[in-house]
Amino acid sequence: YPVLYEEGAMLAACTAEQAQQCSLRTGELSSTKCCNEQKLQFTLMSSVALFAADGAMLLYGELVDRLGPRVCLQLGAVLAWLGLALLALAASFDTTG
C-alpha cells in the first residue's frame, strides 16, 4: 500500500504522535506504514473487497446460467455506467466535514 501510505490515508488510526512523526517523513520512508493499526485497516479493506468480489462471482455465475450471458452483460454494463455516474457526482460533494 505504498501510495496510500504516501497520501496519508487512514492516518487517523495512528496515535497523534505517530501521525506527526509520519507527516515528517520524506523519500522512501514516506511509503511505509506509520503504525500497525493503519496497516490493519488497509488489510481489512482489501479483505472485505475480495470477499465481496468472490460473492459477486458466485451470484454472476448463477445469473448467467439462468438468464444467459447477453442479459448479464447488459445488466453489468448498466451497473458499470451507474457506478461511474455516482463516482462523477461524488467528486462534487465536500466530504471533509
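Residues numbered from 1 in each chain as written. Predicted model: local features only at pLDDT ≥ 70, side-chain atom pairs only at ≥ 80, totals over all residues. Heavy atoms only, no water.

A. Representation of the overall build of the chain within the structure. The helix and strand inventory of the chain stands at 4 helices and 0 strands. Taken from N to C terminus, the helices and strands of the chain fall in the order α-α-α-α. Its C-alpha atoms give the chain a radius of gyration of 19 Å, more than 25% over the compact-globule value 13 Å for 97 residues. The principal-axis extents of the C-alpha atoms in the chain amount to approximately 55 × 30 × 25 Å. When the 97 residues of the chain are sorted by exposure, 12% land in the buried category. (Helix = DSSP H or I, 4+ residues; strand = E, 2+ residues; numbered from the N terminus. Rg over C-alpha atoms; globule rule 2.2 N^0.38 Å. Buried < 20%, exposed > 50% of the residue type's maximum accessible area, 1.4 Å probe, protein only.)

B. Region of the structure containing the environment of Ala19. Within the secondary structure, Ala19 sits in helix α2 (residues 16-23). Here the alpha-carbon distance between Ala19 and Glu37, two residues 18 residues apart in the chain, equals 12 Å.

C. Here's a closer look at the packing of helix α3 (residues 36-67) against helix α4 (residues 69-90). Orientation of α3 relative to α4, taken along the N-to-C sense of each, is 130°, at an axis distance of 7 Å. When the axis of α3 is compared with that of α4, the two are oblique. Contact residues: α3 offers Tyr60, Leu63, Val64 and Leu67, while α4 offers Pro69, Val71 and Cys72. Residues of the contact of α3 with α4, tallied by class, amount to 7 nonpolar, no polar and no charged. (Axes fitted to C-alpha atoms, helices over the stretch in contact; angles between N-to-C directions. Parallel < 35°, antiparallel > 145°, perpendicular 65-115°, else oblique. Contact = heavy atoms within 4.5 Å. Nonpolar A, V, L, I, M, F, W, Y, C, P; charged D, E, K, R; others polar.)

D. Structural context of the side chain of Gln38. Looking at the secondary structure, you find Gln38 in helix α3. Given a relative accessible area of 0%, Gln38 falls into the buried group. In this structure Gln38 touches Tyr5, Ala9, Met10, Leu11, Ala13, Cys14 and Lys33, once residues within four positions along its chain are discounted.

E. Highlighting the pattern of salt bridges. For the coordinates displayed, the defined rule picks out 1 salt bridge. Of the charged contacts, one joins Arg66 and Glu62 as a salt bridge, the two residues approaching to 2.6 Å between their closest N and O atoms. Taken together, the residues Arg66 and Glu62, both in helix α3 and 4 residues apart, mark about one turn of the helix. Judged by its relative accessible area of 38%, Glu62 falls in the partly exposed class. (Salt bridge = Lys/Arg side-chain N within 4 Å of Asp/Glu carboxyl O.)

Everything listed here is a matter of geometry and, on its own, says nothing about what the molecule does.
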